[in-house]
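The residues making up each chain are set out below.
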Amino acid sequence: MKYIDEYRDGDLAKGLASAIAREAKPDCRYHFMEFCGGHTHAIFRYGIQDLLPSNVRMIHGPGCPVCVLPMGRIDGAIHLAKQPGVILASYGDMLRVPGGGRESLLKAKALGADVRMIYSPSDAVALAKAHPDREVVFFAIGFETTTPPTALAIRQAHREGLSNFSVYCNHVLTPSAISSILEAPSVRDLGTVPLDGFIGPAHVSTVIGSQPYDYFAEEYRRPVVIAGFEPLDVLQAILMLIRQVNEGRFEVENEFTRAVTKEGNMKAKTLVAETFEMKRSFEWRGLGLVPYSALAIKRQWAQFDAEARFIVPEFKTEDHKACACGAILRGLKTPADCSLFATACTPEHPIGSCMVSAEGACAAYYTYGRQRRKS
Amino acid sequence: MKLDLEHGVVEMAHGGGGRAMAKLIETIFLGNFDNPLLAQHNDQACFSMQAGRVAMTTDSYVIQPLFFPGGDIGSLAVHGTVNDLAMSGAVPLYLSAGFILEEGLPLGDLAQIARSMAAAAREAGVFIVTGDTKVVEKGKGDGVFINTAGIGVIPDGVAPSGERARPGDAILVSGTLGDHGVAVMSKRENLAFEVDILSDAQALNGLVAAMVAKVPDIHVLRDPTRGGLAATLNEIARQAKVGMELDERAIPIKGAVRAACEFLGLDPLNVANEGKLVAICAGDQAERLLAVMRAHPKGADSAIIGRVTQDADCFVTLKTAFGGTRMVDWLTGEQLPRIC
């Protein structure tokens, strides 16, 4: 596959692995967090750990939109799906995530709710057009990557005069989450986070650009390398981070120059700014309340805001007491350290956020890396 | 009155046991499935079987869309059951066919499905000797559901079975993986993407007959249908209490299938096949078996993809083309495309 196979070349990987082994100082330990679930997935799927020296450790961050949505918001979506006349539309992997009562949208569907899997928000708009007698609610989630298409869907519904389309908005923001990992009060409770650098998100950065990470590099003195999701991208980013650490630099570098610019996609950013505004605070599963970390639909578009059109109760659900997701997301524990991992908590019956989506750290470790426990 | 195959649709009367039903069965099923046993018009087919081991199986087909690139629900219902028999090493002989029709199904579609079943049965050398038809109200079906059962005889000295995989055995596949799943997905509602992939749905009894003729002691035969190769190998590993090690570079997957899976965030090892088989045999027989498979038109792209290992955890692992190692796990729930 053109533009794919080039980034999965085994020989090039060996060369990069040798360079990493050569440049990683034996007396140093390197702890790098990949924020994005896409990177976590690549690391496990291609067995990248096998190519790294033992003193280079990857920490799997919270960048999986499915994992970080609190159960209360899923309960909100299930509540909406059960309203008479409602068709609730969402992305496929959102449908099986359990809410507080262990119910998921798929289970609600089995019990009679009209839940549809869609591939883009415009499919939800098309559903609203096709069913003028029904209320179509799009359960919108995701980081900066999926926000512009939601904004476009709202504009499209407005342009076409649809009065039966609305969005249950759960879009979250990457930079706020990274800040939270570095400075949340709970970090002090849990201990020091051993983080020597970040692999910056791929798709998110195509929208927001590399500039928003300058703050972290300067304020927290941590290097950031923005990288694509292909395995060679990840290895190259690790090498670049090791070089920065060795040289005492803390800069934002862009490995993913084929898609990411400094400014990002101005058109998309403008569209988002015109459609959404910051929420003062939003709860993240595993991280708790994070200030200014999510978006709400602006008042001028309130007719398309499901939370303005319907009464959505605020569901409060606590995570399982033994669940270590909070510590795992901050790099303090690994999935295998959790007492629930692979016993009470599995991809079939996820308890914590990291096991919920295929791209969560625990799910990736369970699906692709269980054999490592033996070695 | 003659059935209007061009404009007519299935009505409740077609399942009512009266003249309308008789007309439907006569026109659509008896005409297409014509054979002496069916022509007896009894409620059962009576036949003699040669002495020896007999294999029997049943499966139900509920696929959407009913027609897809490279096949339809009818041919699938024949191929699937023929293959389930063939995976025991059996020579498939007779099939039954039960239809649950939804009121409103175009009669033309039903006729096309029946023609397709008849062609698939002829090609596989089996007879559809008994059947059943029911009609459900509109909204209570999905056009048509088909159940087929099959019966066949197993040659002496042939006994493939999941628990017979042994450490040191070789694992082979009969061709490229994921073709059927991608072909069907490409025609699903909301997911129409352009791809030149046809379903691989085909009967494998001819290939199996050639394989067991040359290598009778094949330890395991299995067709990796739902859940793909990953589910099939995990099933066998558990049955035999062994592990498996695969080599990603050796697993045949078409470029277009890899690209479609990449696009959708799916793993081709989890994608369904309907015309491929997995064979496990003693390591020293593997090259011989591979040669037989490659010599058959339905096994031209066969490959040795890995080996059976000793592993109390029954893990199936994969050496990636990238140089690392990962698990090949069962699919969790239904395979759903990821968000971003």
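Since this is a predicted model, take the numbers as computed values, not measurements. Per-chain numbering applies: the sequence of each chain, read as written, is numbered from 1 onward. Each chain takes a letter, starting from A, and each ligand takes a number, starting from 1, following the order in which they are written. For this predicted model, a pLDDT threshold of at least 70 governs which residues receive local features, and a threshold of 80 or more governs which side-chain atom pairs are given and counted, while totals over whole chains, interfaces and linings are taken from all residues. Side-chain numbers here rest on the full set of heavy atoms in the structure, without hydrogens or water.

## So, the confidence of the model for chain B
Logical step 1: When pLDDT is averaged across chain B, the result is 93; 96% of the residues are at 70 or more.
Logical step 2: With a pTM of 0.86, the predicted complex shows an ipTM of 0.79. For every residue, the predictor states its confidence as a pLDDT score lying anywhere from 0 to 100.

## Considerations on the packing of aromatic side chains
Residues and elements named next belong to chain A.
Logical step 1: Stacked, edge-to-face and tilted are the three classes for Phe, Tyr and Trp ring pairs, Trp counted by its six-membered ring, which pair at centre distances within 6.5 Å; planes under 30 degrees apart are stacked, over 60 edge-to-face, the rest tilted. Under the counting rule described, the total for this entry stands at 15 aromatic pairs over all chains.
Logical step 2: A centroid spacing of 5.7 Å and a plane angle of 85 degrees characterise the contact between Y91 and F138, whose relative ring orientation is edge-to-face. With Y91 in strand β3 (residues 86-91) and F138 in strand β5 (residues 135-142), this residue pair connects regions lying 47 residues apart in the sequence.
Logical step 3: Burial status follows relative accessibility: with a 1.4 Å probe on protein chains alone, a residue under 20% of its type maximum counts as buried, one over 50% as exposed, and anything between as partly exposed. Take Y91: its relative accessible area is 6%, and that puts it in the buried class.
Logical step 4: A relative accessible area of 0% places F138 in the buried class.
Logical step 5: Look at Y215 and F216: their rings are 5.5 Å apart centre to centre, the planes differ by 75 degrees, and that puts the pair in the edge-to-face class.
Logical step 6: Assessed through its relative accessible area of 42%, Y215 is described here as partly exposed.
Logical step 7: One aromatic cluster is present, formed by F44, F341, Y365 and Y366 through successive ring pairs.
Logical step 8: Criterion for a charge above a ring: Lys NZ or Arg CZ within 6 Å of the ring centre, and within 35 degrees of the ring normal. The ring centre of Y7 lies 3.7 Å from the NZ or CZ of R258, which sits over that ring.
Logical step 9: Above the face of the Y366 ring, R370 is positioned so that its terminal group lies 4.0 Å from the ring centre. Secondary structure is summarised from DSSP: a helix means a run of H or I of at least four residues, a strand means a run of E of at least two, and numbering begins at the N terminus for each.

## Digging into the interface of chain A and chain B
Logical step 1: We call two residues in contact when some of their heavy atoms are within 4.5 Å. Across the contact, 43 residues belong to chain A and 30 residues belong to chain B.
Logical step 2: Values labelled buried area give the accessible surface lost by two parts on being combined, using a 1.4 Å probe and summing over both. For the pair chain A and chain B, the summed buried area comes to about 3,100 Å², and 58% of that belongs to carbon and sulfur atoms.
Logical step 3: Every case where a carboxyl oxygen of Asp or Glu lies within 4 Å of a side-chain nitrogen of Lys or Arg is listed as a salt bridge. In this structure, the connection of chain A to chain B is made through 2 salt bridges.
Logical step 4: One salt bridge in this structure joins D329 of chain B and R370 of chain A, with 2.7 Å as the shortest N-O distance.
Logical step 5: Only Asp, Glu, Lys and Arg are considered charged, only Ala, Val, Leu, Ile, Met, Phe, Trp, Tyr, Cys and Pro nonpolar, and every remaining residue, Gly among them, polar. In terms of residue class, the side of chain A that touches chain B is built from 19 nonpolar, 10 polar and 14 charged.

## Things to note about the pairing of strand β10 (residues 278-281) of chain B
All names here are of chain B.
Logical step 1: Alternating positions in β10 separate into two faces, V278 and I280 on one and A279 and C281 on the other, with burial throughout.
Logical step 2: By this definition, two strands are paired if DSSP reports at least two bridges between them. Pairing analysis gives 3 bridges linking strand β8 (residues 220-222) to β10, with the strands arranged antiparallel. Bridge assignment links R222 to a residue of β10, and that residue is V278.

## Some remarks on the environment of V68 of chain A
Residue and element names in this part refer to chain A.
Logical step 1: Mapped onto the secondary structure, V68 falls in helix α3 (residues 65-68).
Logical step 2: Since its relative accessible area comes to 3%, V68 is described here as buried.
Logical step 3: Put simply, V68 and G352 are 284 residues apart on the chain and 9.8 Å apart in space, counted from C-alpha to C-alpha.
Logical step 4: Those residues within four positions of V68 in sequence are excluded, and the remaining contacts are P62, F143, E283, W284 and R285.

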